Amino acid sequence: MVALDLDGTLLDSNHRIAAIQAEYLQSLHERGFAVCIATGRAAPSVYEHVRALNLPDPIPVVCSNGARGFTMDSKTLQKQELFYTPVPLDIVLKTLEIAKQHDFAVQYYHDDAIYVNSSEPHHRRIVQKYHELTGSPIQPVMDNFESLIRQDHLPSKLLVLFDESRLDEASQLYTSQLSTEATVVMGAFDWFLEVLHPQVTKGHGLERMCQELA
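Cut-offs used in this document
- Residues numbered from 1 in each chain as written.
- Predicted model: local features only at pLDDT ≥ 70, side-chain atom pairs only at ≥ 80, totals over all residues.
- Heavy atoms only, no water.
- Helix = DSSP H or I, 4+ residues; strand = E, 2+ residues; numbered from the N terminus.
- Rg over C-alpha atoms; globule rule 2.2 N^0.38 Å.
- Buried < 20%, exposed > 50% of the residue type's maximum accessible area, 1.4 Å probe, protein only.
- Contact = heavy atoms within 4.5 Å.
- Areas by Shrake-Rupley, 256 points an atom, 1.4 Å probe, with all protein chains shown as cover.
- Lys, Arg positive; Asp, Glu negative; His and termini not counted.
- Charge placed at Lys NZ, Arg CZ, Asp CG, Glu CD.
- Pairing = 2+ DSSP bridges.
- Axes fitted to C-alpha atoms, helices over the stretch in contact; angles between N-to-C directions.
- Core = buried A, V, L, I, M, F, W, Y, C linked by side-chain atoms within 4.5 Å.
- Salt bridge = Lys/Arg side-chain N within 4 Å of Asp/Glu carboxyl O.

Chemist: Sorry if this is basic, but what is going on with the overall build of the chain here?
Modeler: If you tally the helices and strands in the chain, you get 8 helices and 11 strands. A globule of 214 residues ought to have a C-alpha radius of gyration of about 17 Å, and the chain, at 17 Å, matches this closely. Considering only C-alpha atoms, the chain reaches an extent of 55 × 35 × 30 Å along its principal axes. A burial count over the chain gives 48% of its 214 residues as buried. In the chain, the proportion of contacts linking residues at least 24 apart, taken out of those at least 6 apart, comes to 65%. Summed over all atoms, the accessible surface of the chain reaches about 10100 Å², with 50% contributed by carbon and sulfur. Taking the average place of the 17 positive charges on the side chains of the chain and the average place of its 28 negative ones, the gap between the two points comes to 2 Å.

Structural data, given as structure tokens:
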């Protein structure tokens, strides 16, 4: 298997897969390699790249930094869900409480939807920045996700967004208060971090994908 991240790896500066890269991965597939996308992104922001690869067989995708795995057809975008490991309820509540106390925005990922509690102008600015990066549609909520939690729609991950100047503050808060109970990921960008199930990492997600495909 050849597993590739998107941001900073497979995507170019315009956040697209170049034609020459797609052609090379198609040649690897023809030689018997399974080509897998492994990304911190949520599923909806992966679909256009699955289509761009244009492989004849369903493409394995590990997304949400290992919390979710599925295979997807490049032409129809039909997918077969293989695993989904949500953030435990107590971690969800702690993450939201820290964000509320320190005025961070939070994106809540459930299935193919992304919800955000962006009631303040400075929140909306940084949420728009994330939308421009990934192209993902984001749905605002006004109840701090209470309706989702009551319906037991636990997220595959939570994304905490903040101004770049608050990176160290946010990192210290979440790692000190959640690091023994959750996986806290600092990504390639300095304006958000991710909170996941304690057993979820991209490496574990890839290992689980290999087990599912075996």
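Let us keep going from here.
Chemist: I'm lost on the pairing of strand β6 (residues 105–110) in this one. Help?
Modeler: Here β6 lies mainly inside the structure; 6 of its 6 residues are buried. Burial of the side chains of β6 extends over both faces: Ala105, Gln107 and Tyr109 are buried on one face and Val106, Tyr108 and His110 on the other. For β6 and strand β9 (residues 157–161), the ladder comprises 5 bridges, and the chain directions are antiparallel. If you follow Tyr108 over to β9, its bridge partner there is Leu158. When β6 meets strand β7 (residues 113–116), the two strands line up antiparallel, connected through 4 bridges. What sits directly across from Gln107, in β7, is Val116. In this structure, the hairpin formed by β6 and β7 is closed by a connection of 2 residues, where Asp111 is found at a positive phi of approximately 55°.

Chemist: Hey, could you run me through the sheet that holds strand β10 (residues 183–186) in this one?
Modeler: Adjacent strands of a sheet pair through backbone hydrogen bonds, lying either parallel or antiparallel. Read across the sheet, 6 strands follow the order β8-β7-β6-β9-β11-β10 without closing on themselves; strand pairing throughout is mixed. Lying at the two open borders of the sheet, with one neighbouring strand each, are β8 (139–140) and β10. Direction of pairing for β10 relative to strand β11 (residues 192–196): antiparallel, over a ladder of 4 bridges. For Met186, the partnering residue across the bridge sits in β11 and is Leu193. On top of the sheet, helix α5 (residues 121–134) reaches β6, β7, β9 and β11; it is set at about 45° to β6, its chief contact.

Chemist: In this structure, what is going on with the nonpolar core? I would like to understand it.
Modeler: Tyr108, Phe145 and Tyr174 are the most contacted members of the largest nonpolar core, which totals 27 residues. It is helix α4 (residues 89–102) that contributes the most residues to this core, 5 residues altogether. The residues contacting Phe145, other than those within four sequence positions of it, are Leu96, Val106, Tyr108, Tyr115, Val116 and Asn117. Counting residues in hydrophobic clusters, the runner-up holds 22 residues, among them Leu4, Ile17, Ala22 and Leu53.

Chemist: I'm lost on the environment of Ala52 in this one. Help?
Modeler: Residue placement: Ala52 occurs in helix α3 (residues 47–53). The partly exposed category is assigned to Ala52, whose relative accessible area is 34%. Each C-alpha atom, one on Ala52 and one on Val92, is 34 Å from the other, the two residues being 40 residues apart in sequence.

Chemist: Is there a simple way to explain the pattern of salt bridges in this structure?
Modeler: Any two side chains of opposite charge can pair, so long as their charged atoms come close to each other. For the structure shown, the criterion picks out 12 salt bridges. Measuring nitrogen to oxygen at the nearest pair gives 3.6 Å for the salt bridge that ties Glu48 to Arg16. Of this pair, Glu48 sits in helix α3 while Arg16 sits in the loop between α1 (6–10) and α2 (19–30), and the two are 32 residues apart along the sequence. Ionic pairing is found between Asp112 and Arg68, a salt bridge with its closest N-O pair at 2.9 Å. Taken as a pair, Asp112 in the loop between β6 and β7 and Arg68 in strand β4 (residues 68–72) lie far apart in primary sequence, 44 residues in all. Assessed through its relative accessible area of 29%, Asp112 is described here as partly exposed. For Arg68, a relative accessible area of 1% gives the class buried.

Chemist: How do you make sense of unusual backbone geometry when you look at a structure like this?
Modeler: Excluding glycine, a negative phi dihedral is what most residues carry, and trans is how most peptide bonds are arranged. Even without being a glycine, Ser64 presents a positive backbone phi close to 50°. If you trace the backbone, Ser64 turns up in the loop between β3 (59–63) and β4. Even without being a glycine, Asp111 presents a positive backbone phi close to 55°. Looking at where Asp111 falls in the secondary structure, it is placed in the loop between β6 and β7. On the basis of relative accessibility, which here comes to 44%, the residue Asp111 falls in the partly exposed class.

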